[in-house]
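# Architecture at a glance
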Amino acid sequence: MKWIENKKLATRIGIVTTAITLVGMTLLWLAVSTNVASVVKSDITNQMTDAVESRASIINEYVLSAEEYTTAFALSGEVRNLLLDPDNPELLAKAQAYTEDFAAAKGVFEGLYIATTDTHVLTHTSQGAIGMTTRSGDSLKTFQDTILAQRELTNLGIMQSPGTGSMILSMYSPVFEGGRCIGYVGAGVYADHLMDSLLNLDIKGLQTANIYF
C-alpha cells in the first residue's frame, strides 16, 4: 500500500512539475516573443525613418540647387539687358545663346526661357516657343499680381509639362529694375530624373511616374 501511495505521490509531483514547467516555458516564450517583436518593430521603424529622411534631404538639395540655378540665370546681365531693350536684335541673339548654353551646362532644365511682363517669350531652349504669349486676360492679370509682384522666386511644385509631357518643377523668377518688374525667367526642371535616382526605379511610362510623384 505504501508503495502505491508513493507511486501516486510521485505521479502527482511529476504532473505538477510538468505543469509548472509548461507554464514557465509559455510565459518565457511570450516574454521573448513580445520583446523580439518590439525590437524588430523599432528597428524597422528606424530604418524607414532613416530612408524617408535621406530621401527628403536629397529632394531638398535637388530643389534648392534648381532654384539657385534659376535665380542665378535671372540675375545675369544677358537677361537684364534684354528685358530693358527687348526689341534689340543683338541683345536677343546674345540672350538666346546664353539661355541655351546655361541650360546645357546645368543639365536639369526641361525648358528655360526669358519673357516680358506680358508673358511674351523672348528666348527659349525650345526654338518653337519663341514669340509665344503664354497668358492673356484674367490669367495674365493674376500672374502679374502674384508671381511678378514679389522679388523672389516662385516654385509651383511638380506638374506635367504641357510641351513634352515630362514631370517637371515649375519655377518663375521675376527681374526688377528699381521698383519695377521688367520681366521674368521661367524654368521647367526635370523631376523624373530625381525620382529615378531616389528610388532606383525604372519609370517606363508617364502614368507610372505620375503615381510615384
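Our structure is the block above this text.
Not measured: the values here are computed from a predicted model.

### A closer look at the layout of surface pockets
Put simply, the largest pocket is a space of about 540 Å³. Surrounding the largest pocket, 24 residues form its lining, E110, Y113, H124, S161 and P162 being those nearest its centre. By residue class, the composition of the lining of the largest pocket is 11 nonpolar, 12 polar and one charged. Empty space within the second largest pocket amounts to approximately 150 Å³. Every residue lining the second largest pocket is listed: T71, A74, L75, R80, R151, E152, L153, S173, P174, V175 and F176. Among the elements that line the lining of the second largest pocket, the one with the most residues is strand 4 (residues 167-177), at four residues. The class makeup of the residues in the lining of the second largest pocket is six nonpolar, two polar and three charged.

### Concerning the sheet that holds strand 5 (residues 180-190)
Strand order in the open sheet formed by five strands is 2-1-5-4-3, and the pairing between neighbours is antiparallel. The strands lining the two open edges of the sheet, one partner per strand, are strand 2 (121-124) and strand 3 (154-160). Shown here is a sheet whose adjacent strand axes are inclined to one another by a mean of 25°, direction ignored. The sheet contact formed by strand 4 and strand 5 spans 10 bridges and is antiparallel. Residue pairing for strand 5: S170 is matched across the bridge by G188. Relative to strand 5, helix 2 (residues 77-84) is tilted by about 130°, and along the sheet it contacts strand 1 (109-115), strand 2, strand 4 and strand 5. Relative to the sheet, helix 3 (residues 89-106) contacts strand 1 and strand 2, its axis offset from that of strand 1 by approximately 155°.

### Some points on the pairing of strand 4
In terms of residue burial, strand 4 counts as a mostly covered element, since 10 of its 11 residues are buried. Where strand 3 and strand 4 come together, five bridges link them in antiparallel fashion. Across the sheet, residue I158 finds its bridge partner in strand 4, namely L169. Linking strand 4 back to strand 5 in an antiparallel pair, the connection comprises two residues, with G178 at a positive phi of about 70°.

### Quick notes on the packing of aromatic side chains
Geometrically, a pair of aromatic rings is defined through the distance of the ring centres and the angle of the planes. Evaluated as defined, the whole model comprises eight aromatic pairs. Among the aromatic residues, those joined into a ring-pair cluster are F73, Y98, F102 and F109. A cation sits over an aromatic face here: K106 above F102, 5.5 Å from the ring centre.

Cut-off values and rules
Each chain carries its own residue numbering, running from 1 in the written order of its sequence. The predicted origin of the model limits local features to residues at a pLDDT of at least 70 and limits the giving and counting of side-chain atom pairs to 80 or more, whereas totals for whole chains, interfaces and linings rest on all residues. The basis for every side-chain value is the complete set of non-hydrogen atoms in the structure, without hydrogens or water. Of the two site types, the cavity is a set of points on a 1 Å grid over the protein atoms alone where a 1.4 Å probe fits but cannot get out, and the pocket is an open set with protein on both sides within 12 Å along at least five of seven lines, each lined by residues with an atom within 4 Å of a point. Grid points are joined across faces, edges and corners, and a volume is the space filled by probe spheres set on the points. Throughout this entry, Asp, Glu, Lys and Arg are counted as charged residues, while Ala, Val, Leu, Ile, Met, Phe, Trp, Tyr, Cys and Pro are counted as nonpolar. The remaining residues, Gly among them, count as polar. Elements are defined by DSSP. Helices are runs of H or I of four residues or more, strands are runs of E of two residues or more, and each kind is numbered from the N terminus. Pairing between strands requires that DSSP locate at least two bridges from one strand to the other. Between N-to-C directions, angles span 0 to 180 degrees; the directions come from axes that are lines fitted to C-alpha atoms, helices contributing only their stretch in contact. Contact definition: two residues touch when any of their heavy atoms are within 4.5 Å. The cut-offs for exposure are 20% and 50% of the maximum accessible area for each residue type, with area from a 1.4 Å probe on protein chains only; residues under the lower value are buried, those over the upper are exposed, and the others partly exposed. The pairing test for Phe, Tyr and Trp rings, Trp by its six-membered ring, is centres within 6.5 Å, and the orientation test on the planes gives stacked under 30 degrees, edge-to-face over 60, and tilted for anything in between. A positively charged side chain is recorded as over a ring if its NZ (Lys) or CZ (Arg) lies within 6 Å of the ring centre. The angle to the ring normal must also be within 35 degrees.

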